[in-house]
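Structural overview for review
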Amino acid sequence: MQLTVLSGAGISAESGVPTFRDVETGLWAKVDPYEISSAQGWSRHPEKVWAWYLWRHNLMQGVEPNSGHRAVAAWQDHAEVHVVTQNVDNLHERAGSERVYHLHGSLFEFRCDRCQREYVGRLPDMPEPVETMPPPECQCGGLIRPNVVWFGEPLPDTAWQKSVDAVNNADVVIVVGTSSIVYPAAGLPELALANGIPVIEVNPERTPLSDAATVTVRESAAGALPTLLQRLPSLLG
Ligand code: BJW
Ligand code: ZN
């Protein structure tokens, strides 16, 4: 059996990484997502964007995988599991998942925005968020940026191709912890459904996918995933 998991920020929420769009606690309750996570935002005020990402980088270094990430990794004992994640943390890998495709890059890699060279220099600690911090400069005069995918930027080719294959070849697609509004990632469950592959959504809240999904499990990731594999036969009838 092949299981393909599409994860979003919600799977890491119970590890202490705030989601993007949850109004009360979301990272973007205070900042405009389309400004701080866009190519235009970076060119307008890189010092604001850099400060925000450096803080998130620090935050992600201090968190641990939760029972949701660990359950997905444990499924590898019973099935071929492919994890397509929109998250830029490394919690799936740290939980033990072996096939992980990062659609939106990684916040543990940095590169020059001009010559694209990888940056391996030291980064300052930032235990508390600050408004602005100038990004380091590359030898070429470009600015160092996180190797993540912002609005208006293309997704990495290889990760995208592997994700499409993982969806097309899946027996079941499990969509967990995503608001299903950011494309092209949000198109992957639609692709599965168009191919007749069942889609299970795990999310405490309704999303634009909920009505179309084969089954919706209105629970948290850490609550639902540890028993989901046993529940599959009854969920899918
Ligand atoms: C829990 C939980 C618990 C809480 N358990 N669940 C119209 C149609 C189609 C596309 C477009 C369009 N207009 C514009 C576009 C394109 C645009 C887009 O999609 N915009 C839409 C918003 C309309 N997309 C792009 O620009 C993409 N690129 C692209 O299309 O390129 C084309 C191109 C080709 C050639 C040249 C140039 C361009 C790129 C998208 C990049 C997104 N980047 C970000 C930032 C990444 C870096 C970072 O992490 O900072 O990715 S934005 C942000 O959103 C981040 C996330 O990965 C992504 C998705 O968010 P996610 O994960 O769903 O989080 P939330 O917070 O939204 O939801 C959390 C969910 O969890 C909620 O539902 C909760 O209920 C739930 N939850 N606790 C389970 N315990
Ligand atoms: Zn450079």
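Calculation rules
- Residues numbered from 1 in each chain as written.
- Chains lettered and ligands numbered in written order.
- Predicted model: local features only at pLDDT ≥ 70, side-chain atom pairs only at ≥ 80, totals over all residues.
- Heavy atoms only, no water.
- Donors = N, O, S within 2.8 Å, 3.2 Å for Na, K, Ca; no water.
- Buried < 20%, exposed > 50% of the residue type's maximum accessible area, 1.4 Å probe, protein only.
- Helix = DSSP H or I, 4+ residues; strand = E, 2+ residues; numbered from the N terminus.
- Contact = heavy atoms within 4.5 Å.
- Pairing = 2+ DSSP bridges.
- Axes fitted to C-alpha atoms, helices over the stretch in contact; angles between N-to-C directions.
- Polar contact = N/O pair within 3.5 Å; in protein donor to acceptor, adjacent residues only side chain to side chain.
- Salt bridge = Lys/Arg side-chain N within 4 Å of Asp/Glu carboxyl O.
- Domains from an automatic or database assignment.
- Buried area = accessible area lost by both parts, 1.4 Å probe.
- Nonpolar A, V, L, I, M, F, W, Y, C, P; charged D, E, K, R; others polar.

Surrounding the zinc ion (ligand 2) are the protein donor atoms Cys112 (SG), Cys115 (SG), Cys138 (SG) and Cys140 (SG), at 2.3 to 2.4 Å. Going along the chain, you hit the donors of the zinc ion (ligand 2) in the pattern C-x2-C-x22-C-x1-C. Accessibility expressed as a relative area gives 30% for Cys140, which makes it partly exposed.

When helix α8 (residues 187-194) is considered as a whole, its buried residues turn out to be Gly187, Leu188, Pro189 and Ala192. Summarising the contacts, the buried residues of α8 are in contact with β1 (2-7), β2 (80-85), α7 (157-168), β6 (172-176) and β7 (199-202). One or two residues past the end of α8 sits Gly196, with phi positive at roughly 80°.

Our focus in this paragraph is the sheet that holds β7. One open sheet holds the six strands; their spatial order is β3-β2-β1-β6-β7-β8, and the pairing between them is parallel. Of all the strands in the sheet, the pair left with one neighbour each is β3 (100-102) and β8 (215-217). With direction set aside, neighbouring strand axes in the sheet form an average angle of 20°. Here β6 pairs with β7 via four bridges, running parallel. Within the sheet, the bridge partner assigned to Val175 lies in β7 and is Glu201. The strands touched by α7 within the sheet are β1, β2, β3 and β6, with β3 carrying the most contacts at an inclination of about 130°.

This part covers the environment of Glu219. Locating Glu219 in the fold gives a position in the loop between β8 and α9 (221-235). With relative accessibility at 30%, the residue Glu219 sits in the partly exposed group. Through-space distance from the C-alpha of Glu219 to that of Glu201 is 9.6 Å; in sequence the pair is 18 residues apart. Residue contacts for Glu219: discarding those within four places in its chain leaves Val202, Asn203, Pro204, Ala224 and Arg231. Within the structure, the side chain of Glu219 is placed 3.4 Å from the side chain of Arg231, a separation counted as a polar contact.

A full pass over the atoms with the stated rule returns five salt bridges. Measuring nitrogen to oxygen at the nearest pair gives 3.1 Å for the salt bridge that ties Glu64 to Arg94. A residue pair is termed long-range when its members are at least 10 positions apart, and Glu64 in the loop between α4 (46-61) and α5 (67-74) and Arg94 in helix α6 (residues 91-95) qualify at 30 residues. Look at Arg94 and you get partly exposed, because its relative accessible area is 37%. Residue Arg145 is joined to Glu153 by a salt bridge in which the shortest nitrogen-to-oxygen separation is 2.8 Å. The exposure class of Arg145 is buried, given its relative accessible area of 4%. In this structure Glu153 comes out as partly exposed when scored by relative accessible area, which is 22%.

It is common to give the size of an interface as the accessible area that goes away when the parts come together. Assigned domains of the protein: these are domain 1 (1-16 + 66-104 + 155-237) and domain 2 (18-62 + 108-148). The gap between the C-alpha centroids of domain 1 and domain 2 is 26 Å. Taken together, the contacts link 12 residues of domain 1 with 10 residues of domain 2. Both sides together, the interface formed by domain 1 and domain 2 hides about 820 Å², and carbon and sulfur atoms give 66% of it. It is Ala9, Gly16 and Val88 in domain 1 that bury the most area against domain 2; as a group they hold 43% of the surface buried on that side. Applying the counting criterion to the domain 1 and domain 2 interface returns zero salt bridges. Put simply, domain 1 and domain 2 have zero residue pairs in polar contact (both at pLDDT 80 or more) between them. Each residue belonging to the side of domain 1 that touches domain 2 can be placed in one class, and the counts come to five nonpolar, five polar and two charged.

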